[in-house]
Amino acid sequence: MKWLILLYPSWWRSRYKEEFLALVKESGLSVRDVLDVVLGAIVARFHPAGADAGSPPERGGRRSSVVLLSTRMCVALLVSFVLIAFVQGPVPWSYSDGAPYQPRDSIHLRTVSPLDILDYAFGRVHEHMPVTRAVAMRTAMSTMKQTGVNISVREAILAYVYESTNLNQCWPAQATHGHQAQVCSAQRDGHVYWVLHIVERPTPSKNPAQLIFIDARTGHLTDMRL
Amino acid sequence: MDAESKGLGRFAEASIFIMISLGDGPKHGYAMMDDIKRSYGVRLGPGTLYTAISRLEQQGLIEAMEAEDRRRPYRLTDAGLAALRTQLSSLGHLAASGLKRLAPS
């Protein structure tokens, strides 16, 4: 994480670098800490007190400092968000107070907007799943819709929760359009699938398939069986 | 002393935690972070911690001591000790006033 230090101005690095790295080595660095450091670097660059610290001004004067700041900060923020979204891996499915999961209507994953990523990054919305899985879930819902079954966002999220904790389990899904369905999670050849089991279809039906296999990691349809 | 007026800005809370932590003796960054977490349940991120340390140092409220290995302890200056007393006294008055209003009449 030494690259994070480069975000700070030179006066700050020359003064605090060693002890700061020692602190990070001892305390570790969570994703939230990375953002905290990025924000700290922004503050350090804008805070005029740096000039009072008796350090030489940065090469090129104030104008080039601002340009450098903009470029470095944009790159840093972008890298941070990408890291957070795609490297962190699955988030433990529980609320911040440790309460067991209960479906909440307020959970929203209809779009993965930059704001969602920000929320996720700052840990304000603990119930957010990793962005990669949210995208897969949207794809899975779209896949199910193409097979004639709509399940709600809430049910899809429930599927994810069960998948994370109880592989090879089934649970009822309140599918729309008169369908009665179960969603099951299953593991086969090292892959995790969501299996949509259509218990009852409204008549007439365009698609007679009763078992619909969806790759949980991509959300794509892999198989349909009667 | 009012923290805002001393230019601590949004890091005022972190600054006060740091000064309180240094109230019973010098500490380096990690020791402050650990002490604040154990005593008050507040975890200051490394960026927040060092932003506050930097400001407190520039304002002469804390001062760095000789580095031990790579870790550098800090201690309260006389000005910092006085500022902390004033700040805590002010917070004490605020708490007492608030509790008084909550008391059944």
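Residues numbered from 1 in each chain as written. Chains lettered and ligands numbered in written order. Predicted model: local features only at pLDDT ≥ 70, side-chain atom pairs only at ≥ 80, totals over all residues. Heavy atoms only, no water.

1. Focus on the overall build of chain A
Helix and strand content of chain A: seven helices and five strands. In chain A, which comprises 226 residues, the share counted as buried stands at 43%. Of the contacts formed within chain A by residues at least 6 apart in sequence, a portion of 51% connects residues at least 24 apart. For chain A, the exposed area adds up to about 12400 Å²; of that, 58% sits on carbon and sulfur atoms. (Helix = DSSP H or I, 4+ residues; strand = E, 2+ residues; numbered from the N terminus. Buried < 20%, exposed > 50% of the residue type's maximum accessible area, 1.4 Å probe, protein only. Contact = heavy atoms within 4.5 Å. Areas by Shrake-Rupley, 256 points an atom, 1.4 Å probe, with all protein chains shown as cover.)

2. Notes on the confidence of the model for chain B
Residue and element names in this part refer to chain B. Confidence along chain B averages 85 in pLDDT terms, with 89% of residues attaining 70 or more. Ranking the helices and strands of chain B by mean pLDDT puts strand 2 (residues 74-76) first, with 96, and helix 4 (residues 78-102) last, with 87. Counting interchain partners and residues more than four positions distant, the pLDDT-below-50 stretch residues 1-5 has nine contacts. Among the scores for the predicted complex, ipTM is 0.83 and pTM is 0.49. (pLDDT = per-residue confidence, 0-100.)

3. Concerning the environment of Arg85(B)
Residue and element names in this part refer to chain B. Inspection of the secondary structure assignment puts Arg85 in helix 4. Among the residues examined, Arg85 registers a relative accessible area of 59% and is labelled exposed. Separated by 65 residues in the primary sequence, Arg85 and Ile20 place their C-alpha atoms 9.5 Å from one another.

4. Some details on the pairing of strand 4 (residues 211-215) of chain A
Within strand 4 of chain A, four of the five residues are buried, which leaves it mostly tucked inside the rest of the structure. Between strand 4 of chain A and strand 5 (residues 221-225) of chain A, which pair antiparallel one after the other, the connecting turn spans five residues, and Gly219(A) there sits at a positive phi close to 85 degrees. (Pairing = 2+ DSSP bridges.)

5. Notes on the packing of helix 1 (residues 12-21) of chain B against helix 4 of chain B
Two quantities define a packed helix pair, namely the angle between the axes and the distance from one axis to the other. Residue and element names in this part refer to chain B. Between helix 1 and helix 4, the shortest axis-to-axis distance is 10 Å and the interhelical angle comes to 115 degrees. The chirality of how helix 1 crosses helix 4 is left-handed. Where helix 1 abuts helix 4, its residues Ile16, Met19 and Ile20 lie against Gly80, Leu84, Gln87 and Leu88. Per-class residue counts for the contact of helix 1 with helix 4 are five nonpolar, two polar and no charged. (Axes fitted to C-alpha atoms, helices over the stretch in contact; angles between N-to-C directions. Left-handed = near helix turned anticlockwise from the far one by under 90°. Nonpolar A, V, L, I, M, F, W, Y, C, P; charged D, E, K, R; others polar.)

6. Concerning the packing of helix 1 of chain B against helix 3 (residues 46-58) of chain B
Residues and elements named next belong to chain B. It is the contact of helix 1 with helix 3, at a shortest axis distance of 9 Å, that shows an interaxial angle of 75 degrees. As the angle between them shows, helix 1 and helix 3 are arranged roughly perpendicular. Facing Ala14, Ser15, Ile18 and Met19 of helix 1, the residues of helix 3 in contact are Thr48, Leu49, Ala52, Ile53 and Leu56. Each residue belonging to the contact of helix 1 with helix 3 can be placed in one class, and the counts come to seven nonpolar, two polar and no charged. (Parallel < 35°, antiparallel > 145°, perpendicular 65-115°, else oblique.)

7. Here we look at helix 2 (residues 29-40) of chain B
Taking 1.5 Å per residue as the helical rise, helix 2 of chain B with its twelve residues ought to reach 16 Å, and the 16 Å between its terminal C-alpha atoms agrees with that figure. Looking only at helix 2 of chain B, the buried set comprises Gly29(B), Met32(B), Met33(B), Asp35(B) and Ile36(B). Down the axis of helix 2 of chain B, the buried set is contained in an arc of 165 degrees. They therefore lie on one face. Contacts made by the buried residues of helix 2 of chain B are with helix 2 (10-27) of chain A together with helix 1, helix 3 and strand 2 of chain B. Looking one or two residues beyond helix 2 of chain B, the residue adopting positive phi is Gly41(B), at roughly 70 degrees. (Expected span 1.5 Å × (residues − 1). Arc of directions from axis to C-beta.)

8. Comments concerning the pattern of salt bridges
All names here are of chain A. Taken as a whole, this structure holds nine salt bridges over all chains when the rule is applied. Arg15 serves as the salt-bridge partner of Glu19, at 3.0 Å between the closest nitrogen and oxygen. You can see Glu19 and its partner Arg15 sitting in helix 2, four residues apart, about one turn around the helix. For Arg15, a relative accessible area of 24% translates into the label partly exposed. (Salt bridge = Lys/Arg side-chain N within 4 Å of Asp/Glu carboxyl O.)

9. What about the interface of chain B and chain A?
By a widespread convention, an interface's size corresponds to the accessible area lost as its parts come together. With 23 residues of chain B in contact, the opposing surface of chain A contributes 24 residues. Roughly 1900 Å² of surface becomes buried between chain B and chain A when both sides are summed, with 51% attributable to carbon and sulfur atoms. The three residues of chain B that bury the most area against chain A are Pro46(B), Tyr50(B) and Arg70(B), which together make up 35% of that side's buried surface. Our enumeration of links across chain B and chain A arrives at five salt bridges. Where Arg15(A) meets Glu57(B), a salt bridge forms, and the shortest distance between an N and an O atom there is 2.7 Å. (Buried area = accessible area lost by both parts, 1.4 Å probe.)

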